Amino acid sequence: MGEFVRVEIEDGVATIRLGRPKMNVLNAQMQGEIAEAARQVSADDDVRAVVVYGGEKVFAAGADIKEMAELSYVTMSVRSERLQGFTKALAAVPKPVIAAITGYALGGGLEVALAADFRVAGEGARLGQPEIQLGIIPGAGGTQRLARLVGPARAKDLVFTGRHVKADEALAIGLVDRVVPDADVYAEALKLAERYKNGPAVALRAAKQAIDSGLDVDLDTGLEIERLQFSALFATEDQKIGMKSFVDEGPGKARFTGR
Ligand code: CAA
């Protein structure tokens, strides 16, 4: 349990709750706490899905500019590994992860959301990579994950201009997956997460790893990753349960154990 990041677990779903006044600005300590929270939910077998939530008003307005303003090249070249490390830890959570975005998700804040599998945004959300206006570029994975998600031209538009995108545009370009009234964002994200809590956890993990690893390699290597993951699932209890249930009762009735 960190000072700025809490993990709350209820009924198979963990919420990683960001809480640093004002604006959930991500200083170095908070980045470390997010990485720690990601490792905690990864290791806990009772956690089957994860929601990352910044509260009712703001998701996160980015890395702490005041903390970074005077850093030298030498210091930042060491710290930049940590900066990418905390979003890497989140992206590596081997379970479905949903970002619940209200208000601003800017810079490192958007990069946290990009490390999730799905993004639910409130109607009043504002998303962007405004780093160019500070004379820098996104440094917590934004240039890579944004381009993979929305394509290079749209990523360049957002990164070159630093402009804020409203929820409706974010939905249209695939930057978010669902837009709901601001007050419903967390409930909607929980609803999506709950879909997975009784799912075949090992198959969900394999699906996430095959898709994410496959995006980084050529097609043949990706297909090989899929083949190995696919075959390995025949060693799980859930594959036996899922197929027997289909044969005996028809589709969609399996009661998976997560093993
Ligand atoms: N770092 C440090 N402080 C920040 C901050 C940030 N990223 N974002 C907001 N704040 C602070 C403001 O300085 C202000 O503090 P004080 O009240 O002590 O003056 C407080 O939060 C509220 O901010 P505003 O008064 O500016 O509120 P607003 O409603 O007028 O504007 C905002 C909100 C649009 C988010 C605006 O604050 C803003 O543009 N923030 C900076 C966003 C940004 O550039 N993020 C990228 C950071 S760099 C990065 O993230 C690098 C990376 O890739 C990891």
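Definitions and cut-offs
- Residues numbered from 1 in each chain as written.
- Predicted model: local features only at pLDDT ≥ 70, side-chain atom pairs only at ≥ 80, totals over all residues.
- Heavy atoms only, no water.
- UniProt positions renumbered as here; feature names shortened; annotations may be inferred.
- Pairing = 2+ DSSP bridges.
- Helix = DSSP H or I, 4+ residues; strand = E, 2+ residues; numbered from the N terminus.
- Axes fitted to C-alpha atoms, helices over the stretch in contact; angles between N-to-C directions.
- Salt bridge = Lys/Arg side-chain N within 4 Å of Asp/Glu carboxyl O.
- Buried < 20%, exposed > 50% of the residue type's maximum accessible area, 1.4 Å probe, protein only.
- Near = heavy atom within 4 Å.
- Polar contact = N/O pair within 3.5 Å; in protein donor to acceptor, adjacent residues only side chain to side chain.
- Areas by Shrake-Rupley, 256 points an atom, 1.4 Å probe, with all protein chains shown as cover.

The chain carries the name Enoyl-CoA hydratase/isomerase family protein in an unreviewed UniProt entry, which gives Actinomadura alba as its organism. Regarding the chain, the relevant UniProt record gives this comment under Sequence similarities (unreviewed entry): "Belongs to the enoyl-CoA hydratase/isomerase family."

Structural notes on the sheet that holds strand E1 (residues 5-10)
Across the sheet, six strands lie side by side as E1-E2-E3-E4-E6-E9; this open sheet has mixed pairing. Edge strands, defined here as strands with exactly one partner in the open sheet, are E1 and strand E9 (178-180). Averaged over neighbouring strand pairs, the angle between their axes works out to 20 degrees when direction is ignored. Pairing geometry for strand E2 (residues 13-18) and strand E3 (residues 49-53), over five bridges, is parallel. Paired with Ala 14 across the strands is Val 50, a residue of E3.

So, the pattern of salt bridges
In the structure shown here, the tally under the stated rule is 14 salt bridges. Here Lys 197 and Asp 11 are joined by a salt bridge, their closest N and O atoms 2.8 Å apart. Of this pair, Lys 197 sits in the loop between helix H8 (185-194) and helix H9 (201-214) while Asp 11 is found in the loop between E1 and E2, placing the two residues 186 residues apart along the sequence. Asp 11 sits in the exposed class, given a relative accessible area of 57%. Three or more residues are tied together by salt bridges with common partners; here these are Asp 157, Arg 163 and Glu 169.

Points about the site of the ligand
Taken together, 22 residues lie around the ligand, and Lys 22, Gly 108, Glu 111, Glu 131 and Gly 139 are the ones closest in. A distance of 2.9 Å is found between a nitrogen atom of the ligand and a backbone nitrogen or oxygen belonging to Ala 63. Taking Glu 111, its side chain carries an N or O atom lying 2.7 Å from an oxygen atom of the ligand. In the complex, 66% of the free accessible area of the ligand, which totals 980 Å², lies under the protein chains. Broken down by secondary-structure element, the contributors of at least two residues to the shell around the ligand are helix H2 (65-68), strand E5 (104-106) and helix H4 (108-114).

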